[in-house]
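# Tertiary structure, described
Take a look at the letters that make up each chain.
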Amino acid sequence: MSEDPTQLNPPINLPRHVAIVMDGNGRWAKARNMPRLAGHRKGVNAVRAVVECAGETGIPNLSLFAFSSENWNRPEAEVGGLMSLFMTALTKEVDELQKVGVRLRMAGETSRFSPDLRRQMEIAEKQTAEGTRLNLNICINYGGRWDIVNACRQIVSQGIAPDKIDEKLFSQYLQVPDSGDVDLMIRSGGESRISNFFLWQDAYAELYFTPVLWPDFGKKDFLEALQWYAHRQRRFGKTGDQVQQPN
Ligand code: FPP
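Residues numbered from 1 in each chain as written. Predicted model: local features only at pLDDT ≥ 70, side-chain atom pairs only at ≥ 80, totals over all residues. Heavy atoms only, no water.

## Points about the site of the ligand
As a matter of local geometry, the ligand sits amid 16 residues, with Asp-23, Gly-26, Arg-27, Arg-36 and Arg-74 nearest to it. The separation between an oxygen atom of the ligand and a polar main-chain atom of Gly-26 is 3.0 Å. One can see that the ligand is located within the largest pocket. Residue assignment for the shell around the ligand shows that the elements contributing at least two residues are helix H1 (25-30), helix H2 (36-57) and helix H3 (76-99). A class-by-class count of the residues in the shell around the ligand yields 7 nonpolar, 5 polar and 4 charged. (Near = heavy atom within 4 Å. Polar contact = N/O pair within 3.5 Å; in protein donor to acceptor, adjacent residues only side chain to side chain. 1 Å grid on protein atoms, 1.4 Å probe; cavity = no way out; pocket = protein on both sides within 12 Å on 5 of 7 lines; lining within 4 Å. Sits in = over half its atoms within 2 Å of the grid points. Helix = DSSP H or I, 4+ residues; strand = E, 2+ residues; numbered from the N terminus. Nonpolar A, V, L, I, M, F, W, Y, C, P; charged D, E, K, R; others polar.)

## Some thoughts on unusual backbone geometry
One non-glycine residue, Asn-33, lies in the positive phi region at around 55°. Relative to the assigned elements, Asn-33 resides in the loop between H1 and H2. For Asn-33, a relative accessible area of 74% translates into the label exposed. Its identity is not glycine, yet Ser-195 carries a phi of approximately 50°, on the positive side. Mapped onto the fold, Ser-195 is located in the loop between strand E5 (184-187) and strand E6 (206-209). For Ser-195, a relative accessible area of 31% translates into the label partly exposed. (Buried < 20%, exposed > 50% of the residue type's maximum accessible area, 1.4 Å probe, protein only.)

## Thoughts on the pairing of strand E4 (residues 134-142)
Within E4, 9 of the 9 residues are buried, which leaves it mostly tucked inside the rest of the structure. Of the strand pairs in this sheet, strand E2 (residues 61-68) and E4 are connected by 7 bridges, and their pairing is parallel. The residue of E4 that forms the bridge with Phe-67 is Ile-140. The pairing of strand E3 (residues 102-107) with E4 spans 6 bridges and is classified as parallel. Each bridged residue has a counterpart across the sheet, and for Val-102 the counterpart in E4 is Leu-134. (Pairing = 2+ DSSP bridges.)

## Looking at the side chain of His-40
In this structure, His-40 sits in helix H2. Using a relative accessible area of 8% as the deciding quantity, one classes His-40 as buried. A distance of 2.9 Å separates polar atoms of two side chains, one belonging to His-40 and the other to Asn-25. Residues in contact with His-40, not counting those within four places in the same chain, are Asn-25, Arg-74, Glu-78, Leu-82 and Leu-85. (Contact = heavy atoms within 4.5 Å.)

## Here's the deal with the layout of surface pockets
Think of a ball as big as a water molecule: rolled over the atoms, this probe shows where empty space is left. Looking at the largest pocket, its volume works out to about 1,100 Å³. If you go around the largest pocket, you meet 47 residues; those closest to its centre are Met-22, Val-47, Leu-64, Ala-66 and Trp-214. If you list the elements that add at least two residues to the lining of the largest pocket, you get H1, H2, E2, H3, E3, helix H4 (115-127) and E4. The element that contributes the greatest number of residues to the lining of the largest pocket is H2, accounting for 10 residues. When grouped by side-chain class, the residues that make up the lining of the largest pocket number 25 nonpolar, 9 polar and 13 charged. (Points joined across faces, edges and corners; volume = space filled by probe spheres on them.)

## Points about the pattern of salt bridges
Tallying each qualifying case throughout the model produces 14 salt bridges. A salt bridge links Glu-191 to Arg-193, with the shortest nitrogen-to-oxygen separation between them at 3.4 Å. Classification of Glu-191 as partly exposed rests on a relative accessible area of 27%. Classification of Arg-193 as partly exposed rests on a relative accessible area of 46%. Three or more residues joined by partner-sharing salt bridges are found here, namely Asp-23, Arg-27 and Arg-187. (Salt bridge = Lys/Arg side-chain N within 4 Å of Asp/Glu carboxyl O.)

Remember, this is a structural readout, not a statement about activity or role.
Given below as structure tokens:
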């Protein structure tokens with residue numbers, strides 16, 4: 001790929017919200033006769049690379065699917081290992097994230113995590129709360145259907161009248177509402193599905209699937225996805241003639 005979106009001045013047609021399903025850690029490890037956790041550990045490097053690249057290119061919102069509501073069904077050792085990995089990453093990376101202007105937030109049902117991990121999540125969120133360069137949403141014990149049900153519960157519990165409920169109001173009750181709808185959804189690891197990630201927010205997302213396994217996913221792969229997105233024609237229900245052609 002010869003074009004490099006970091007070189008576009010001003011950047012054109014960049015997505016405002018990129019969401020990533022980070023898949024393929026287990027297969028990466030298996031191919032090397034390593035435990036699955038080694039793949040997850042290596043996956044943290046890929047997280048660092050995309051966060052840096054999102055900051056450099058000027059993408060304002062990045063959401064990473066780190067642990068789904070269904071991931072509790074994995075072997076206990078893997079779940080425990082992932083929890084330690086989250087704890088270590090949160091503790092180690094928070095100073096740097098704050099320094100470069102990242103605002104870190106957790107999206108999902110965090111009540112199921114250990115008190116120590118929850119405390120660390122709160123510390124990281126508070127410490128980075130003033131960041132204005134990039135909203136980084138870590139989706140953890142997150143499920144798109146849960147997000148919608150959770151929003152309904154809040155709306156009902158606040159006694160909001162049915163005729164006051166519209167799409168705009170509803171979306172304000174979803175997780176990280178200020179990140180807005182997803183423009184570009186990336187999934188690594190070769191599968192072509194959404195896996196219950198951001199169902200409402202994905203309504204008009206461009207879907208980019210790559211066979212690259214997450215631990216191998218680097219800046220080059222992220223830039224390729226951005227370049228692909230830059231040439232998509234987003235119609236939002238209109239005809240091709242009604243919308244402007246992308247550059
Ligand atoms: C899916 O790959 C990956 C996960 C369930 C975990 C993702 C976690 C990380 C990348 C670790 C760090 C994250 C943060 C935010 C610090 P898989 O295990 O399903 O892979 P497979 O399909 O090859 O088995």
